Amino acid sequence: VREETERTEIDGRLSYQVQARMSMLSKHFQQAEAILVDQGELDQALAMYQMLHKYDDSIRLAERKNHPQVAQLKAHYLNWLITTQQEEKAAEQYEREGQYEKAINLYLKGGMPAKAAQVVQYNNANYPQDLLQKLAAKLQSSAMQDKAGELFERMGLVQQAMERSEEHTSELQS
């Protein structure tokens, strides 16, 4: 506050930058965002969220304001999620964007075959056969015979589907 007062010779408490910083320090990030955006400082508001690793909020704001670098923000966020081994969040982001194969691969990489199977189940797309085989193998190795059976059935592999169903039934009886 003192620095802003000395710099502008006006009470620093009236400065929008000081008010935004005070809001940030109080963890009132949306208030800080509103102050910055009202002053035409959209890039500062985006930078604030990125500095705080609140990439979802940064992307939300950029989309809402039709910022020209939305695609770059999303790419940076996805790269950050993957490098910090947050495969589930990255997969969810890809899923929201309709990039189902990438989502499935990330769920598998993160050890979440059930979530990968849900993507296949809820999003009717033409998935590569090798990806579905990989998913079925992960489901089987995770003792999810019923889900593997459903997947084999979807793939038109009736014999494997019946075998998984029988295995699941015998497991339930044990």
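What you see as residue numbers is a count from 1 along each chain, following the sequence as written. Local features are withheld for residues below a pLDDT of 70 in this predicted model, meaning they are given only at 70 or higher, and side-chain atom pairs are given and counted only at 80 or more; totals for whole chains, interfaces and linings count all residues. Hydrogens are left out, water is left out, and the side-chain values use all remaining heavy atoms of the structure.

Visitor: Explain the environment of S142 to me, and be specific about the residues and the numbers.
Guide: Helical segments are the DSSP runs of H or I of at least four residues, strand segments are the runs of E of at least two, and each set is numbered from the N terminus. In this fold, S142 is placed in the loop between α10 (129-141) and α11 (145-154). The classification of residues rests on relative accessible area computed with a 1.4 Å probe and restricted to protein chains. Under 20% of the type maximum is buried, over 50% is exposed, and intermediate values are partly exposed. By relative accessible area, which is 34% here, S142 ends up partly exposed. A C-alpha to C-alpha distance of 9.2 Å links S142 and G111, two positions 31 residues apart in sequence.

Visitor: Could you give an account of the packing of aromatic side chains, with specific residues and numbers?
Guide: Aromatic rings from Phe, Tyr and Trp, taking only the six-membered ring of Trp, are treated as a pair when their centres fall within 6.5 Å; an angle between ring planes under 30 degrees marks them as stacked, one over 60 as edge-to-face, and anything in between as tilted. On inspection of all chains with the given rule, the structure shows 3 aromatic pairs. Between the aromatic rings of Y55 and W80, the centroid separation amounts to 5.0 Å while the plane-to-plane angle is 50°, which identifies the pairing as tilted. Of this pair, Y55 sits in helix α5 (residues 55-64) while W80 sits in helix α6 (residues 70-83), and the two are 25 residues apart along the sequence. The class of Y55 is buried, set by a relative accessible area of 7%. On the basis of relative accessibility, which here comes to 22%, the residue W80 falls in the partly exposed class. Here Y77 and W80 contribute two aromatic rings whose centre-to-centre distance is 6.5 Å and whose plane-to-plane angle is 20°, an arrangement assigned as stacked.

Visitor: So, the side chain of H67: which residues are in play, and what are the values?
Guide: Considering the arrangement of structural elements, one finds H67 in the loop between α5 and α6. Given a relative accessible area of 10%, H67 falls into the buried group. Contacts are assigned to residue pairs with any non-hydrogen atoms lying within 4.5 Å of each other. Sequence-distant contacts of H67, defined by excluding residues within four places in its chain, comprise L42, D43, L46 and A62.

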